[in-house]
Amino acid sequence: MSEVKRVVAVLALGAGVLIAVPSHGSALPANAPKVGMVCTPGSVSGPTHTFNLVAKPGYIDTPDGNSVFMWSYANADAPDSGQFQSPGPVLCATQGETVVVNLTNNLPEAASVVFPGQQGVSATGGAAGLLTTEAAATSGTVSYSFTAGTPGTYLYESGSDPAKQVEMGLYGALIVRPSAGANYAYGSSTQFDPGREYLLLLSEIDPDLHHAVETGATYDGNALRSRYFAINGREFPDTIQDNGSSLLPNQPYGSLVRIQPNSPTNTQPALIRMINAGLLNHPFHPHGNHTSEIAQDGRLLLSPGGASASTEHFGETIGSGQTQDFLLRWDDQDHWDPTTNPLPVPPPNYRDVFFKDANTWYGGSPYLGYKGTLPTGTTTQNICGEWYFPLHSHALNEFTNFDQGFGGMGTLLRVDPPGGCFAAATSTNLLGGTLKSGAVSALSADDANYYQVNPRTTTRPNATTAVQGSITVASAAGFPTAPGYYIRIDNEVMQVTAGAGTTTWTVARGQLGTGPPATHASGATISALANDWYGGFSGLPAGAQNLKVTYKGKNCTGTTGTACAALTANLPQQTVKICDWTISGAAGCASATSAGWVTLAAPPVQPQAVGSSPEVSSTWTLPGSASHYVGTGSNNGQVRVLVHTQRWTASAPATFSTWGNLMALTYDAP
């Protein structure tokens, strides 16, 4: 089929159809990813996978402000009960399943479905057509069945008057996954990252033909001239909007491709499935990258001896009706770094750079994962120093919207920093402690710089006898406002049991193995046996996901001096928490004991025993949406991470200092 152009004659295109455009529901399943291929679930009963489609009319929007009348298949089982969508649902089945596709036809003429590449397709109901069994116009039905025999990427489309109906939009993608698993495209040589599976379904639109169908006019098919060139039913820049974007209610599928550099923890490539549902051949390629073509038309590329015949491409023409599969990996060959491996030629001064329309995808720095300075008034779409490459048809007339560039058959390849977007703390706040040394910048890298915090101290205005159960203090600032914490005066540890938050404390004497109560002179120093401080992050985008919190540090004996005195016994216990802004807003994290501080869940388990050597580095992952932890309103984009360290264990705990080395966030940006 890839070498055969569909022949179009002079067509009487049918009576006009007036349709009401209902409010949009959701053509996508619950929890569908924002980026990447989205399979329509259908229903599974034993070895049978059933999909219910309805052929119907509707409209799509184009980036130049037009709307185009279309026909398409919709998912009758979707939460929106079969709302019009373009293109048709992505049907995903597993090798060996019996696939049943039930079609209800709400169009004014007979329609059908054919499945190129599938063998033994049978049909029940309907009436015989030229190529397959058809569903009659206006509520006719037909059911197709076949066994998903060979893994691969396939097209399904109308077999009824295809020169007209496929142009009108009756097509979609059929994906057959191998029995080896959903992380393989075909066999063992085609393993990929299932979180990075992308579909690029190419098509063209002649709006004059579509208008003729809408109004019941005639149209000379020999005059066909496509004006819009789509990927997944959208034209650039709409192609890079999220799946299910409310801006495009009838076009649910985006086509932004997102990857990260390959690394020891990111070893598998992405998979790009391409389908050409149109009449034209399209020379398609990614800027700045190569792809490895592994299959065509649902068949793995193999040599006569059975070895892989995969080939590397900077661009590849995909023929009409053809499918192609590519593996894409991005290897950072140079590892440019502004500090350790700078570019041999410095980047231009930002004052000498001009951006069209004062809008750019550039982040201001040529280094992956870094942002820099842009000219005043410039808007950047860059989140955290990621890189963008065009991925488009190289027939440049197709890279347009109604002859206006750039648009049409194009999307973007986005390369995110390794591990995701990175954020360093931009501020610190002492909730229960005093600054010994350092600044927030000391927390930005794993190096020899530390942010050092001592426990809070105050003094006794009066002498203390050995029998006193109540003491006064010069100031309670920085000490907990809830009872139960421990303090140390000289060599005696006491527990504050009442009066916390005031200057008169009720205390239990001689605690944690420090012997009988002792006398203490007027002016004696009172030291807490814990400290609390947090690092503040700013600028995180709404919609960030899969937040990871990393903290590395140590605790040292004593609270003076520039060197870390070894602390190897009776180790302080450390707990790292994050502010949940949905719990009383900013007030929920105002003090060290506020309800908004949420202990980061295992792994690793908390609290952790942390001494002076080795330093302890831990990373906690909060899967899914980070909306609870990214502030809004006056705290927009802010994240707060608290470090609580206490030494409340026998025997005779002494004061200590906490040395923070690294505090960082990584996340998946929207």
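Caption draft 1: Focus on the overall build of the chain. Each helix and strand in the chain was counted, giving two helices and 45 strands. If one aligns the C-alpha atoms of the chain with their principal axes, the spans along those axes are about 105 × 55 × 55 Å. A total of 670 residues make up the chain; the buried ones form 51% of that total. Long-range pairs, those at least 24 residues apart, make up 70% of the contacts in the chain between residues at least 6 apart in sequence. Surface summary for the chain: the accessible area is close to 27300 Å², and the carbon and sulfur share equals 54%. Of the side chains in the chain, 29 bear a positive and 44 a negative charge, and the two mean positions are spaced by 15 Å.

Caption draft 2: Layout of the side chain of Asp532. With respect to the element layout, Asp532 can be found in strand E38 (residues 530-537). Lacking a salt bridge, the buried Asp532 has Lys577 as its closest oppositely charged neighbour, with an N-O distance of 6.3 Å. Sequence-distant contacts of Asp532, that is, excluding residues within four places in its chain, are made with Leu430, Leu431, Gly432, Gly433, Ala592, Leu642, Val643 and His644.

Caption draft 3: Representation of the pairing of strand E15 (residues 228-231) in the model. What you see with E15 is no split at all: Tyr228 and Ala230 on one side and Phe229 and Ile231 on the other are buried throughout. Here strand E13 (residues 197-205) pairs with E15 via four bridges, running antiparallel. Across the sheet, residue Ser203 finds its bridge partner in E15, namely Ala230.

Caption draft 4: Structural detail: the sheet that holds strand E18 (residues 282-286). Taken together, five strands build an open sheet; the order of strands is E16-E27-E26-E18-E22 and the sheet is mixed. This sheet does not close on itself; its edge strands, each paired only once, are strand E16 (257-259) and strand E22 (316-318). Between one strand and the next, the sheet's axes are offset by a mean angle of 25°, whatever the strand orientation. By the bridge criterion, three bridges tie E16 to strand E27 (residues 410-415) in an arrangement that is parallel. For Val257, the partnering residue across the bridge sits in E27 and is Leu413.

Caption draft 5: Looking closely at the layout of surface pockets. Computed from the structure, the largest pocket encloses a volume of approximately 1100 Å³. In this structure, the largest pocket is lined by 34 residues; those nearest its centre are Gly369, Pro417, Pro418, Gly420 and Phe422. Sorting the residues of the lining of the largest pocket by element identifies strand E28 (421-424), strand E39 (545-557) and strand E45 (656-668) as the ones contributing at least two each. Taken as a whole, the second largest pocket encloses approximately 710 Å³ of empty space. Along the wall of the second largest pocket there are 28 residues; nearest its centre are Pro33, Lys34, Val35, Gly195 and Gln545. In terms of residue class, the lining of the second largest pocket is built from 10 nonpolar, nine polar and nine charged.

Caption draft 6: Up close: the state of the cysteines. A complete count under the given rule lists four disulfides for this structure. Cys384 shares a disulfide with Cys421; S-S distance 1.9 Å. As the torsion about the S-S bond is roughly -60°, the Cys384-Cys421 disulfide counts as left-handed. Here Cys384 is found in the loop between strand E25 (379-380) and strand E26 (387-393), whereas its partner Cys421 is found in strand E28, with 37 residues between them in sequence. Each member of the pair Cys384 and Cys421 is classed as buried.

Caption draft 7: Representation of the packing of aromatic side chains in the model. Summed over all chains, the structure comprises 20 aromatic pairs. Centre to centre, the rings of Phe399 and Phe406 are 5.0 Å apart; their planes meet at 40°, and the pair counts as tilted. The class for Phe399 is buried, based on a relative accessible area of 10%.

Caption draft 8: Region of interest: unusual backbone geometry. With omega at 10°, the peptide bond leading from Phe236 into Pro237 counts as cis. Cis geometry is adopted by the peptide bond preceding Phe406, which originates at Gly405 and carries an omega value of -10°. As for its placement among the helices and strands, Phe406 is situated in the loop between E26 and E27. Located in the positive-phi region is Thr138, a residue other than glycine, with phi close to 55°. Within the secondary structure, Thr138 is located in the loop between strand E9 (133-134) and strand E10 (140-147). A relative accessible area of 59% means that Thr138 is categorised as exposed.

Caption draft 9: Local environment of the sheet that holds strand E37 (residues 525-528). The six strands lie next to each other as E32-E37-E34-E35-E36-E33, forming an open sheet whose pairing is antiparallel. Every interior strand has two partners, whereas the edge strands, strand E32 (457-459) and strand E33 (470-472), have only one. Ignoring strand direction, the axes of neighbouring strands in this sheet form an average angle of 40°.

Each value, and the rule that gives it
- Residues numbered from 1 in each chain as written.
- Predicted model: local features only at pLDDT ≥ 70, side-chain atom pairs only at ≥ 80, totals over all residues.
- Heavy atoms only, no water.
- Helix = DSSP H or I, 4+ residues; strand = E, 2+ residues; numbered from the N terminus.
- Buried < 20%, exposed > 50% of the residue type's maximum accessible area, 1.4 Å probe, protein only.
- Contact = heavy atoms within 4.5 Å.
- Areas by Shrake-Rupley, 256 points an atom, 1.4 Å probe, with all protein chains shown as cover.
- Lys, Arg positive; Asp, Glu negative; His and termini not counted.
- Charge placed at Lys NZ, Arg CZ, Asp CG, Glu CD.
- Salt bridge = Lys/Arg side-chain N within 4 Å of Asp/Glu carboxyl O.
- Pairing = 2+ DSSP bridges.
- Axes fitted to C-alpha atoms, helices over the stretch in contact; angles between N-to-C directions.
- 1 Å grid on protein atoms, 1.4 Å probe; cavity = no way out; pocket = protein on both sides within 12 Å on 5 of 7 lines; lining within 4 Å.
- Points joined across faces, edges and corners; volume = space filled by probe spheres on them.
- Nonpolar A, V, L, I, M, F, W, Y, C, P; charged D, E, K, R; others polar.
- Disulfide = S-S within 2.5 Å.
- Phe/Tyr/Trp six-rings, centres within 6.5 Å; stacked < 30°, edge-to-face > 60°.

Coordinates in, geometry out; function isn't part of it.
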